[in-house]
Amino acid sequence: MNISNGNLRLAYESIRTTKFRSTLTMLGIIIGVVAVILVVCIGEGVKRQIGQQVVRYGDNVVVVRPLSEHRGILGGDSVPVGAAAPLTLKDIETVRRLPAVAAAVPLSSVSGSIKGDRQVNTPLVIATTPEFATFIKPQLKYGGFFEASQDANQVVLGSKIVSDLYNDSMPLGQTLSYRGQEFLVAGVFKNFNAPPLSIESNFNNAVFIPYDTVRNLTGVEPSIYEVLVRAKPGTNMPAFARSVQATLVQSHGGAEDVAVSAAGKTGSGTDQTLRLLTLLTMAAAVIAFVVGGVGIMNMMFVTVTERIHEIGIRKAIGATNRQILKQFIAEAFVISCLGAVYGVVAAFAGIGLLRLYTSLQPIVVWPIVIIAPLVAIASGVLFGSIPAIKAARKDPIQALRHE
Amino acid sequence: MALIELKDVSKLYGFGDATNVALDEVTLTIEKGECVAVMGPSGCGKSTLMNVIGLLDHPSHGDYYLNGRRSARLGSSQRAKLRRDKIGFIFQSFNLLGRLTAIDNVALPLLYKGKSPLARHKIARAMLERVGLHDRTYYYPHQLSGGQTQCVAIARALVNDPEIIIADEPTGNLDTESSRLVMELLAEIHKSGNTVLFVTHNPELTRYATRVMYMQDGMIKHDEQKPLGVVGRYAHTVIYGEPESHEDDDIAGVSALMKARERNEPAEKPARKTTKRRKTTKKRGGTK
Ligand SMILES: Nc1ncnc2c1ncn2[C@@H]1O[C@H](COP(=O)(O)OP(=O)(O)OP(=O)(O)O)[C@@H](O)[C@H]1O
Ligand SMILES: [Mg+2]
């Protein structure tokens, strides 16, 4: 019996005439859909940003980090700045002697305030060697990277710290003082795609300073938190990483105190973050859908109770149980569909706003944009049919007497 | 084969001492083409009888045969389909769906029958025209007068061309003029060959009937065949009397129910003896 077209129209009428109540129900579905889409898209965005951070150095680069007793909250191997680290310049020399190594540079974070036009008290100052410039993809916006040791008193700035230090947006040739010494600003980087979750390598806020200069200034060797090692073209990277690891372990007298990870692959810390993120997303999705479904069920129960008399009339003039059931399920279906569509629209608006006003860069994940509303509709119909079954089973004469 | 046949049909509500007998072993046959008026004091079981005949309610005991089919054997969806195709119900309180326009209300039984939107529209329009409401097609029930609303309800009852029209106090909420309009419509339906059952408290309206049944305490007290245009013989006097109860009985503790049982056998024929004893106080106005 083909009565679905009429049912849908009646369902739509019914929803239109009880707009307020229907909107409340729809809200459940809308929130569910928005929550799921946003969480997944934000998660994907964060993943992408973390990924970008890792591949920033290129596929043929491995990262050597000291292994520390101290573990981050996520169990990752992030090292607190300034902690006693087993990596030294000697290690870099050792690594450089490997035949497959093209270049190796230390990254070291040093403390001390900086004064340009204005003072910055706790800047991120990274001491490194001139070769660093060959590791990073973003080019310099102005000037150049410090090159050989004769440029001992030069620094290069990240794009964001410029405005903290100087009135001028192009501070090339200006000076800043650090630890009582004058430095010349030799270059400014273009913007790095900075992931919001990574504090350690937010290069946009960093001041790059020659490693040797810092060593001369402080009299000690600044502790190295990361060594970047680039292989010669055509090297097998996993094998390369293993040989770097083995070489360092050997030179440390057998102590397994460094970790070598291929830059093209996410490190274990980020892996765990992503797993948690995926779990969080799934939990949020399930909760959102259950909330939406219960919202629909509630409204359907109210609807059924309010409309017992109507059900009685419909049955008196010949509606079968199945037809009553169809009508109420059609209503749940129409409400869910409208809610799902509004939800998708709202989610897109949310993604746009987040991109505009926050450092999150959500990415539209099309499968979820399609699956989320479908699941929402399914759960809406599922939860909606429970009261619908109740409505359909009503005895006609009792329903008619009900006011 | 009679169109409607009830054999010892009872309807009881409640349990034990609180048992309420709405229908008391009613045996009754209605042939095709009759126009039956049902009268009786409030609470005597008229609506219950209509609901049982209209397949809205189940009898507690006894058998009801509609077109020779035993109703107890029908499943709920078969009953629904019979209500849709064979029976048109008209209620005192109209029972239109307030959110639908007049034409959508009329078309509803067609929708449940599975007719196409175009056919629904055409048939429903023709029906509204038949009850004289073609200029109110897209009005909502709250925009119609009581009489017009009942006419829409009649159009809805007629839309599937049912054999039986059951009207439970169709004029109960209407003034004299609208009552006449509604009854004229029912008379017309009767004339075109349908069987009509209607409940009324207005003796004058028995003029439209070929048969008048007088009920009391769940039983049919009088069953009178009569020509059209004449008021039923007992319509003015019988029905609004107080329930029979003699002082002797009260003292003896004989309940009205037991008495009713005693008198059950002669109830088939009009029991004139009992009517003479009855007081004739009118409880509800004849013209309403
Ligand atoms: N759902 C119910 N539960 C209990 N008793 C009921 C129920 N429905 C009807 N009754 C009883 O059944 C009896 C017959 O009721 P019914 O509605 O058939 O009377 P009626 O003749 O139509 O009265 P009226 O003229 O006022 O419409 C009444 O005594 C009523 O109290
Ligand atoms: Mg009644």
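Remember, it's a predicted structure, so these values are computed and weren't measured experimentally. (Residues numbered from 1 in each chain as written. Chains lettered and ligands numbered in written order. Predicted model: local features only at pLDDT ≥ 70, side-chain atom pairs only at ≥ 80, totals over all residues. Heavy atoms only, no water.)

Engineer: Is there a simple way to explain the pairing of strand β1 (residues 4-13) of chain B in this structure?
Structural biologist: As a general feature of sheets, a regular strand has side chains that alternate between the two faces. Residues and elements named next belong to chain B. Sheet topology note: the β1/strand β4 (residues 61-66) ladder contains five bridges and is antiparallel. Each bridged residue has a counterpart across the sheet, and for Glu5 the counterpart in β4 is Tyr65. Across seven bridges, the pairing between β1 and strand β2 (residues 20-30) is antiparallel. Residue pairing across strands places Ile4 opposite Ile30, the latter belonging to β2. Where β1 folds back on β2, the antiparallel hairpin that results is connected by six residues, among which Gly14 adopts a positive phi of roughly 75°. (Pairing = 2+ DSSP bridges. Helix = DSSP H or I, 4+ residues; strand = E, 2+ residues; numbered from the N terminus.)

Engineer: I would appreciate a short explanation of the interface of chain A and chain B in the present structure.
Structural biologist: A common way to state how big an interface is: give the accessible area lost once the parts meet. Contacts between the two partners involve 26 residues from chain A and, on the opposite side, 25 residues from chain B. Between chain A and chain B, a total of about 2,400 Å² is buried, with carbon and sulfur atoms accounting for 59% of that surface. If you sort the residues of chain A by the area they bury against chain B, A:Ile313, A:Ile317 and A:Ile397 come out on top, with a joint share of 23%. At the junction of chain A with chain B, the criterion picks out one salt bridge. With a shortest N-O distance of 3.2 Å, A:Glu310 and B:Arg99 are connected by a salt bridge. Remark: the boundary between chain A and chain B carries six residue pairs in polar contact (both at pLDDT 80 or more). Elements represented by at least two residues in the side of chain A that touches chain B include exactly α1 (4-17), α8 (308-316), α9 (321-357) and α11 (396-401) of chain A. Split by residue class, the side of chain A that touches chain B holds 10 nonpolar, 10 polar and six charged. (Contact = heavy atoms within 4.5 Å. Buried area = accessible area lost by both parts, 1.4 Å probe. Salt bridge = Lys/Arg side-chain N within 4 Å of Asp/Glu carboxyl O. Polar contact = N/O pair within 3.5 Å; in protein donor to acceptor, adjacent residues only side chain to side chain. Nonpolar A, V, L, I, M, F, W, Y, C, P; charged D, E, K, R; others polar.)

Engineer: In this structure, what is going on with the sheet that holds strand β9 (residues 211-216) of chain B? I would like to understand it.
Structural biologist: Across a sheet, paired strands are connected by hydrogen bonds in the backbone, their directions being either parallel or antiparallel. Residues and elements named next belong to chain B. The strand order across the open sheet formed by six strands is β6-β7-β8-β3-β9-β10, and the pairing between neighbours is mixed. Looking at which strands have only one partner, the edges of the open sheet turn out to be β6 (87-90) and β10 (219-225). Each strand of the sheet is rotated relative to its neighbour by a mean of 15°, with strand direction disregarded. Sheet analysis places strand β3 (residues 35-39) next to strand β8 (residues 195-199), joined by four bridges and oriented parallel. Paired with Val36 across the strands is Leu197, a residue of β8. Seen against the sheet, helix α1 (residues 46-53) touches β3, β6, β7 (164-168), β8 and β9 and runs at an angle of roughly 155° to β8. (Axes fitted to C-alpha atoms, helices over the stretch in contact; angles between N-to-C directions.)

Engineer: Could you clarify how one ought to interpret the sheet that holds β2(B) in this entry?
Structural biologist: All names here are of chain B. If you walk across this open sheet you meet the four strands as β2-β1-β4-β5, and the pairing is antiparallel. Unpaired on one side and paired on the other, β2 and β5 (69-70) mark the two borders of the sheet. Where α1 meets the sheet, it contacts β1, β2 and β4, and its direction lies at approximately 55° from that of β2.

Engineer: Explain the site of ligand 1 here, please?
Structural biologist: Around ligand 1 sit 14 residues, and of these B:Ser42, B:Gly43, B:Lys46, B:Ser47 and B:Thr48 come closest. At the site occupied by ligand 1, the surrounding residues belong to chains A and B. A:Arg401 is positioned such that a nitrogen or oxygen atom in its side chain is 3.1 Å from a nitrogen atom of ligand 1. A distance of 3.0 Å separates an oxygen atom of ligand 1 from a polar backbone atom of B:Gly45. When the free accessible area of ligand 1 is taken as 630 Å², the share hidden by the protein chains comes to 67%. Elements with a contribution of two residues or more to the shell around ligand 1: β2 and α1 of chain B. For the shell around ligand 1, the leading source of residues is α1(B), giving three residues. In the shell around ligand 1, the residues fall into three nonpolar, seven polar and four charged. (Near = heavy atom within 4 Å. Areas by Shrake-Rupley, 256 points an atom, 1.4 Å probe, with all protein chains shown as cover.)

Engineer: What exactly am I supposed to notice about the pattern of salt bridges here?
Structural biologist: Pairing between side chains of opposite charge can happen when the charged atoms of each approach one another. Taken as a whole, this structure holds 20 salt bridges over all chains when the rule is applied. A salt bridge links A:Glu310 to A:Arg307, with the nearest nitrogen and oxygen atoms 2.9 Å apart. For the pair shown, A:Glu310 and A:Arg307 are each scored as buried. In this structure, B:Asp135 engages B:Arg136 in a salt bridge whose closest nitrogen and oxygen atoms are separated by 3.3 Å. The class of B:Asp135 is partly exposed, set by a relative accessible area of 47%. B:Arg136 sits in the partly exposed class, given a relative accessible area of 23%. Ionic contacts of the salt-bridge type, sharing partners, join the residues A:Arg307, A:Glu310, A:Arg314, A:Glu331 and B:Arg99 into one network. (Buried < 20%, exposed > 50% of the residue type's maximum accessible area, 1.4 Å probe, protein only.)

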